[in-house]
Amino acid sequence: MQTQRYEALILTVPEITNDEAAELEKSVEKRLLEHNGKLVTYDRWGKFLLAYQVKKNEYGIYFLARFDVPATKKDEAIKELKSLFDLKFNAVVMRYLVSNLANDGVLTYKRPQSLEETPKDVDQFLKENKMSGLHRPSYQRSFEPAPKEVGKIDPIKEEQADKE
Amino acid sequence: MAKKIKLRMNDRLLKKRARRASFGLRKQCRFTENPELVGEIDYKNTDFLKQFLTERGKILASRISGTTCRYQRLVAREIKKARAMALLPYNRS
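Predicted, not measured: the structure shown is a model, and the values here were computed from it.

Asker: A description of the nonpolar core should follow, citing residues and the corresponding values.
Answerer: Judged by nonpolar contacts, the single largest core of 28 residues is most densely connected at Leu9(A), Leu11(A), Tyr62(A) and Phe31(B). Looking at which element gives the most residues to this core, the answer is strand β2 (residues 38-54) of chain A, with 5 residues. Excluding anything up to four places from it in sequence, Phe31(B) contacts Leu37(B), Val38(B), Ile41(B), Phe48(B), Phe52(B), Thr67(B), Tyr71(B) and Val75(B). Formed by 23 residues, the second largest nonpolar core is a distinct cluster that contains Tyr6(A), Leu24(A), Ile78(A) and Val93(A).

The structure is reproduced here in structure tokens:
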């Protein structure tokens, strides 16, 4: 039987609980199974700062579902899925977008970084990437004494020595 | 009157031709140059699509970015999809 692959990007409210998220995934899978479909992957992207306010929410959580449906029943299955988001998960799902996906089996994609993934602490980010800070070296941030530099000539002292 | 308009048109065309000549070669489309980039056009890949937006969040004209008509259509469609999902802004003030 020929199948058609689709993906659905779901934008939910930021206050969604783990139970609600699990229920959303379960019911999506159930709806698809009713129409002989199959859920391929279900990813949680995480929390995002939205480009504009949606239903008075500054933030939102994205979920990406990819699924196969038989080509003969695709319209019904997608209609059912949309009604699920519109009616049952009316309070949770703010927006969704169902789009066609190439049937070649490539499931990799690039996506923007969520707020949970972006490093908040500058020091930690620098440590992880083995970078040195731009403005203040680490010993100035804490109260540790500065490491003594050996073998370096102080330019001021050198000038004074020249004058003498 | 008609003559005047014709003169103006000629003048404008001449100016346009001079402007083009002064810039030298025509701008190159980055997708026709390396076709691997076409796979990057996706509404989820917002970091890539941001290259085709102005500071205010408008879609960059193909006359400025040099994208050919075919790929400009693809890019514009994906940007509009990303806008609908609040991944990219409609306008940024």
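From this point on, the discussion continues.
Asker: I'd like a description of helix α2 (residues 74-88) of chain A, backed by residues and values.
Answerer: Residues and elements named next belong to chain A. Counted at 1.5 Å a residue, the expected span for α2 with its 15 residues is 21 Å, and the 21 Å between its end C-alpha atoms agrees. Every buried residue of α2 is accounted for by Ala77, Ile78, Leu81, Leu84 and Phe85. Each buried residue of α2 sits inside an arc of 110 degrees when the element is viewed along its axis, so together they form one side. In α2, the exposed positions that point more than 90 degrees away from the buried face belong to Asp75, Lys79 and Leu87.

Asker: Pulling in residues and values, what's your account of helix α1 (residues 18-34) of chain A?
Answerer: Residue and element names in this part refer to chain A. Compared with the 24 Å implied by 1.5 Å per residue over 17 residues, the 24 Å span of α1 between its first and last C-alpha is a close match. Of all the residues in α1, the buried ones are Ala21, Leu24, Ser27, Val28 and Leu32. Here the buried residues of α1 occupy an arc of 135 degrees about the axis, which is enough to place them on one side. Residues Asn18, Asp19, Lys26, Lys30 and Leu33 are exposed on α1 and point more than 90 degrees away from its buried face. Considering only its buried residues, α1 is in contact with β1 (3-12), β2, β3 (57-70), α2 and β4 (93-100). With its phi angle positive at about 60 degrees, Asn36 sits one or two positions after the end of α1.

Calculation rules
Residues numbered from 1 in each chain as written. Chains lettered and ligands numbered in written order. Predicted model: local features only at pLDDT ≥ 70, side-chain atom pairs only at ≥ 80, totals over all residues. Heavy atoms only, no water. Core = buried A, V, L, I, M, F, W, Y, C linked by side-chain atoms within 4.5 Å. Buried < 20%, exposed > 50% of the residue type's maximum accessible area, 1.4 Å probe, protein only. Helix = DSSP H or I, 4+ residues; strand = E, 2+ residues; numbered from the N terminus. Contact = heavy atoms within 4.5 Å. Expected span 1.5 Å × (residues − 1). Arc of directions from axis to C-beta.

It is worth stressing that arrangement in space is one thing and function is another; only the former is reported here.
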